[in-house]
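Here is what each chain is made of, one letter per residue.
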Amino acid sequence: MENTSIDFVYQFLKINHIPVRFIQPPCDNLTWLDMGLRENILHSDASSADELNHWLATLHENKIYHTTDDFQCNYTMIRLPDSDELLVCGPVLFEEMRAARLTQICDKLNVPEELRDQIRDYYYRVVFIPAQTLYLSIFTILGNQLFGENNYEAIYSDFGSMEEMFRNYEYYYRVPDKPFLSIQMIEERYELENATLNAVANGNESKALETCAHWTTHQLPQRLANELRDSKDYTITLNTLLRKTVEQAGVHPIHIDSVSNRNIQMIEQLSSIEQCQSFRSKMIRTYCLLVRKHNLKNYSLLTQKIITYVDTELCADLSLKALSERLSVNASYLSTLFKKEMGMSLTDFVNHRRISHAQKLLISTEMPIKSVALKCGIPDVYYFSRLFKRITGTTPKAYRNNTNSFEQYQEMTSPSAGSPESSDMN
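Calculation rules
Residues numbered from 1 in each chain as written. Predicted model: local features only at pLDDT ≥ 70, side-chain atom pairs only at ≥ 80, totals over all residues. Heavy atoms only, no water. Helix = DSSP H or I, 4+ residues; strand = E, 2+ residues; numbered from the N terminus. Buried < 20%, exposed > 50% of the residue type's maximum accessible area, 1.4 Å probe, protein only. Contact = heavy atoms within 4.5 Å. Areas by Shrake-Rupley, 256 points an atom, 1.4 Å probe, with all protein chains shown as cover. Pairing = 2+ DSSP bridges. Axes fitted to C-alpha atoms, helices over the stretch in contact; angles between N-to-C directions. Parallel < 35°, antiparallel > 145°, perpendicular 65-115°, else oblique. Left-handed = near helix turned anticlockwise from the far one by under 90°. Phe/Tyr/Trp six-rings, centres within 6.5 Å; stacked < 30°, edge-to-face > 60°. Arc of directions from axis to C-beta. Salt bridge = Lys/Arg side-chain N within 4 Å of Asp/Glu carboxyl O. Core = buried A, V, L, I, M, F, W, Y, C linked by side-chain atoms within 4.5 Å. Nonpolar A, V, L, I, M, F, W, Y, C, P; charged D, E, K, R; others polar. Expected span 1.5 Å × (residues − 1). Polar contact = N/O pair within 3.5 Å; in protein donor to acceptor, adjacent residues only side chain to side chain.

(A) Just the overall build of the protein chain, in detail. Within the protein chain one finds 20 helices and six strands. Going through the 426 residues of the protein chain one by one, you find that 39% of them count as buried. Considering only residue pairs separated by 6 or more positions, the protein chain has 65% of its internal contacts joining residues 24 or more positions apart. On the protein chain, roughly 24,500 Å² of surface is accessible, and the fraction owed to carbon and sulfur atoms is 51%.

Right under this line is the structure:
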């Protein structure tokens, strides 16, 4: 079975013109490995081949090595079971080497100008694989066959990764006569960031904005030459942290996702660093509102799902029978659980949610009452009017014409208006 799997992968790679061969280190000549790039074009000395032989000899069984070199060429190496033989695949490219990218790589590696045409021609000869996941999945299947599923490790490495890692410390601020000041500043900023996120998790808007104001006054390391792009990236990062924070606080992803996506779109439209700073505060307020309005962490998972279904699908069939079938639970059990946790029947909860939504539509739009009823999942306008009056004490028409309707609308859209425990359902 092993030999069959190895042969199949070998033939698959060969027929797709992907370089692959079996070797047994040490090898006298490794020029073939990078298709002559280092020896024939860059004229590297012989010591590099010795180092590569030494590295190949250290590769272990039960591991699949995926390696990317400084020229963004990718290689895969596997030591075959109970053998000193290696299967070596590569080089391949996972990105098209266009002119701008070629210049970027050559500049970074200080490739002399007179060699760049040869480097360009070299890339023309390297196989480009647009579907990286497909390429990797081939070796996942081979690893499962050779070593057994979950009995091997896929190792991803980058020859230039250590250099990049150490260069990251260039972004830290240092004061010569105070060597530990930068560490203290970073610790303080992280502490304030955590305090901000904790406040958001509790829906505490004032505390979140207060701590945010403190940590944003700390000078952040500028990671990019373009200050505006750098500020936008910080804002996007904050949006991600806030999104995960409110999810962990018990807000359903369906409420989070639209806010998060809209934030990303708006961030890209910002045109100054000041706008970025202002938008961060706005994001914090919005996510605090989500926690206060949709925090369901104190309810069971079944009740959370029902509340989410009702809040997002008012026009659907929200009867006890339909919801119990959707959730694959006994209707009687679901009814008892919901009433115990919410203090009202499922029918009453749905009716209150629908009428609450109707109130907002009546005040904020000129939609006909029949259309409002349909938007709230009640096709019978006469039944809608009776239900509306029973819950609010007035008819839909009278409610719309009420001179205090704007104040009522503001009250309904306030932070606490949408939370189950604070609505007019008790």
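What follows picks up the thread again.
(B) Spatial organisation of the pairing of strand β4 (residues 86-93). Taking burial as the measure, the eight residues of β4 include eight buried ones, the bulk of the element. Taken together, the four bridges between strand β1 (residues 20-23) and β4 define a ladder with antiparallel strand orientation. Residue pairing in the sheet places V20 in a bridge with C89 of β4. Pairing of strand β3 (residues 74-79) with β4 involves five bridges; the strand directions are antiparallel. Bridge assignment links N74 to a residue of β4, and that residue is V92.

(C) Local environment of the packing of helix α13 (residues 301-312) against helix α14 (residues 320-327). Remark: α13 packs on α14, axes separated minimally by 11 Å, with the N-to-C direction vectors making an angle of 120°. What the angle tells us is that α13 and α14 run oblique. The two elements α13 and α14 cross, and the hand of that crossing is right-handed. Between α13 and α14, the contacting residues are L302, K305, I306 and Y309 on the first element and L323, R326 and L327 on the second.

(D) Quick peek at the environment of R38. Position of R38 relative to the elements: it lies in helix α2 (residues 37-41). Apart from the residues within four sequence positions on either side, R38 is in contact with H43, S44, D69, F71 and Y75.

(E) How the structure looks around the packing of aromatic side chains. Applying the stated criterion across every chain yields a total of ten aromatic pairs. Considering the side-chain rings of F338 and F349, the 5.2 Å spacing of their centres and the 75° angle between planes classify their relative orientation as edge-to-face. Of the two residues, F338 is situated in helix α15 (residues 331-342) and F349 in helix α16 (residues 346-364); the sequence distance between them amounts to eleven residues. Given a relative accessible area of 0%, F349 falls into the buried group.

(F) Up close: helix α5 (residues 116-125). Residues of α5 that are buried include every one of R116, I119, Y122 and Y123, and no others. The buried side chains of α5 occupy one side of the element, clustering within an arc of 110° when seen end-on. Buried positions along α5 lie against α2, β3, β4 and α4 (99-108).

(G) Molecular detail of unusual backbone geometry. Cis geometry is adopted by the peptide bond preceding P26, which originates at P25 and carries an omega value of 0°. Residue P91 is reached from G90 by a cis peptide bond, and omega for that bond is 5°. With respect to the secondary-structure elements, P91 resides in strand β4. The residue N150 is not glycine, and still its phi comes out positive at about 70°.

(H) Region of interest: the environment of N401. Residue position: N401 is located in helix α19 (residues 396-401). With relative accessibility at 52%, the residue N401 sits in the exposed group. Placed 38 residues apart in sequence, N401 and I363 show a C-alpha to C-alpha distance of 8.7 Å.

(I) Examining the side chain of S324 more closely. Note on placement: S324 falls in helix α14. Exposure remark for S324: the relative accessible area of 5% places this residue in the buried category. Once you skip the residues sitting within four places of it in the chain, S324 turns out to touch V329, N330, A331 and L334.

(J) Highlighting the pattern of salt bridges. Under the counting rule described, the total for this entry stands at 15 salt bridges. Here R292 ties to E205 by a salt bridge, and the two come within 3.4 Å at their closest N and O atoms. On the criterion of sequence distance, the pair formed by R292 in helix α12 (residues 273-294) and E205 in helix α9 (residues 205-216) is long-range, its members being 87 residues apart. With a shortest N-O distance of 2.6 Å, D311 and R353 are connected by a salt bridge. Of this pair, D311 sits in helix α13 while R353 sits in helix α16, and the two are 42 residues apart along the sequence. Three or more residues are tied together by salt bridges with common partners; here these are D34, R38 and D69.

(K) Spotlight on the nonpolar core. Residues L56, F71, C73, M77, I119, Y122 and Y123 are the most contacted members of the largest nonpolar core, which totals 26 residues. Looking at this core, the elements that each hand over two or more residues are α2, β3, β4, α4 and α5. Excluding anything up to four places from it in sequence, C73 contacts T67, T68, P91, V92, L93, Y122 and Y123. Membership of the second largest hydrophobic core comes to 23 residues, among which are V200, L238, I284 and Y287.

(L) Representation of the packing of helix α10 (residues 227-248) against helix α11 (residues 253-269) in the model. Across the interface, α10 lies against α11 with an axial gap of 10 Å and an inter-helix angle of 175°. In terms of orientation, α10 lies roughly antiparallel with respect to α11. Note on element contacts: α11 touches α10 through P253, I256, S260, N263, I264, I267 and E268, opposite R229, K232, T235, I236, N239, R243, V246 and E247. Partitioning the contact of α10 with α11 into residue classes produces six nonpolar, four polar and five charged.

(M) Inspection of α10 at higher detail. For α10, built from 22 residues, the straight-helix expectation of 32 Å at 1.5 Å per residue is met to within 8% by its first-to-last C-alpha distance of 32 Å. All of the buried residues in α10 are D230, S231, K232, Y234, T235, L238, N239, L242, T245 and V246. Between a side-chain oxygen at the N-terminus of α10 and the backbone nitrogen of L228 the separation is 3.1 Å; the capping residue is N226. A positive backbone phi angle near 110° is found at G250, which sits one or two residues after α10.

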